[in-house]
Amino acid sequence: MTSADLNPDPRTDSLADSAYGLIRNRILDGDLGVGAPVSVLGLATDLEMSRSPVRNAVERLLSERLLRRVAGTIAVAAPDRYELLDSLAVRTQLEALAARLAAPRIDEQTLEELVVIHDRFRRAVDSGDQDGARRADSDFHHAIQDLAGNECLAESLERVRTQVILGAYATAWVTSRGPAVLEHERVLRALEDQDGQAAEAAMVRHLDNLTTRITREWRAQDTAEDATPKRRSTPRASGGGR
């Protein structure tokens, strides 16, 4: 065992954490598209870092399934529809648990913060601001997760949410957030009443409805594709004109 093993350089861990955060954000923001190949060398060049911390970051992202090994290369994960539905099913149960745990812990200040986030979500939906609605929706769910006060639950939720985000990119899912405004309000009312069971039920209903909206949108997309007339190839003229 070397002295480096006994006294690891904290700067290495710090750089690896920094590389991890930067690459992870690029993936979740869509800057690194689903299915896009990546390499340690290429990422290190882009980030202006040495390869060692970037390699550590890539291994971490592989373990979290944000990156996958494909035919001997590494690429951004591209979950299919079935994988997205699996992730949504798990997310529903975890988010419901978070709402139930959060309800008895809520206070006036936290409730007011949730109301402010919800108002931001509603205004973004009403104005057609898709990016603003996505951010406010994420903030709403994260605030409830934090209020639940369960670190194990928070880590599990963070992982499954990343799979949902990638699945949304990979399957071209852009469903309307209009119905979610009322669904969030039901969750808020239950939290305000500090009713854990009602908060849990409202969250299950919200995310079950979301899954229904997504599958309905997929059916509509498939129907539209099936109805699109296929372009017929023009037959070649036979040689030897008259």
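Analysis parameters
- Residues numbered from 1 in each chain as written.
- Predicted model: local features only at pLDDT ≥ 70, side-chain atom pairs only at ≥ 80, totals over all residues.
- Heavy atoms only, no water.
- Patch = residues over 30% accessible without salt bridge, like charges linked within 9 Å, V, L, I, M, F, W, Y side chains within 5 Å.
- Areas by Shrake-Rupley, 256 points an atom, 1.4 Å probe, with all protein chains shown as cover.
- Salt bridge = Lys/Arg side-chain N within 4 Å of Asp/Glu carboxyl O.
- Lys, Arg positive; Asp, Glu negative; His and termini not counted.
- Charge placed at Lys NZ, Arg CZ, Asp CG, Glu CD.
- Helix = DSSP H or I, 4+ residues; strand = E, 2+ residues; numbered from the N terminus.
- Core = buried A, V, L, I, M, F, W, Y, C linked by side-chain atoms within 4.5 Å.
- Buried < 20%, exposed > 50% of the residue type's maximum accessible area, 1.4 Å probe, protein only.
- Contact = heavy atoms within 4.5 Å.
- Expected span 1.5 Å × (residues − 1).
- Arc of directions from axis to C-beta.
- pLDDT = per-residue confidence, 0-100.
- Axes fitted to C-alpha atoms, helices over the stretch in contact; angles between N-to-C directions.
- Parallel < 35°, antiparallel > 145°, perpendicular 65-115°, else oblique.
- Left-handed = near helix turned anticlockwise from the far one by under 90°.
- Nonpolar A, V, L, I, M, F, W, Y, C, P; charged D, E, K, R; others polar.
- Pairing = 2+ DSSP bridges.

(A) Molecular detail of a negative patch on the surface. A contiguous patch of negative charge on the surface is contributed by Asp107, Glu108, Glu112 and Glu113. Note on placement: Asp107 falls in the loop between helix H5 (81–102) and helix H6 (108–127).

(B) Examining the nonpolar core more closely. With 30 residues, the main nonpolar core has Leu114, Phe140, Ile144, Val187 and Leu191 as its most contacted residues. Elements with a contribution of two residues or more to this core: H5, H6, helix H7 (130–148), helix H8 (151–170), helix H9 (178–192) and helix H10 (196–227). With 7 residues, the top contributor of residues to this core is H10. The residues touching Ile144, leaving out its near neighbours within four places in the chain, are Ala98, Ala99, Ala102, Leu114, Val187, Leu191 and Met203.

(C) Geometry of the side chain of Glu64. By the element assignment, Glu64 lies in the loop between helix H4 (51–63) and strand S2 (67–70). We classify Glu64 as buried; its relative accessible area is 14%. Apart from the residues lying within four places of it in its own chain, the contact partners of Glu64 are Tyr20, Arg24, Arg159 and Gln163.

(D) Expanded view of H6. Given a rise of 1.5 Å per residue, 20 residues ought to cover 28 Å, and the 29 Å separating the end C-alpha atoms of H6 matches this to within 8%. When we look at burial in H6, the residues that qualify are Thr110, Leu111, Leu114, Ile117, His118, Phe121 and Ala124. For H6, the arc enclosing every buried residue in end-on projection is 145 degrees, short of the 170-degree limit, so these residues lie on one face. Away from its buried face, by an angle of more than 90 degrees, H6 presents the exposed residues Glu108, Gln109, Asp126 and Ser127.

(E) Structural context of the confidence of the model for the protein chain. Scored by pLDDT, the protein chain comes out at a mean of 88, with 87% of its residues at no less than 70. The low-confidence segment residues 1–8 (pLDDT under 50) makes 1 contact with residues lying over four places distant or belonging to another chain. For residues 236–242, every residue scores under 50 in pLDDT, and the model assigns this stretch 0 contacts once sequence neighbours within four places are set aside.

(F) View of the packing of helix H3 (residues 40–47) against H4. Look at H3 against H4: their axes get within 9 Å of each other, and the N-to-C directions meet at 120 degrees. As the angle between them shows, H3 and H4 are arranged oblique. Once H3 is placed against H4, the crossing between them reads as right-handed. Residues Val40, Leu41, Leu43, Ala44 and Leu47 of H3 lie in contact with H4, whose contacting residues are Arg51, Val54, Arg55 and Val58. Its residues assigned to classes, the contact of H3 with H4 shows 7 nonpolar, no polar and 2 charged.

(G) Examining the pairing of S2 more closely. Two elements, S2 and strand S3 (residues 73–76), share 4 bridges in a ladder whose sense is antiparallel. When the bridges of S3 are listed, Arg68 appears paired with Ala75. Counting the residues between successive antiparallel strands, the hairpin from S2 to S3 contains 2 residues, one of them, Ala71, with a positive phi of roughly 50 degrees.

(H) Region of the structure containing unusual backbone geometry. Of note in the backbone geometry, Arg65 takes a positive phi value of approximately 65 degrees without being a glycine. The phi angle at Gln194 is positive, at roughly 55 degrees, despite the residue not being glycine. Tracing the sequence through the fold places Gln194 in the loop between H9 and H10. The exposure class assigned to Gln194 is partly exposed, which follows from its relative accessible area of 41%.

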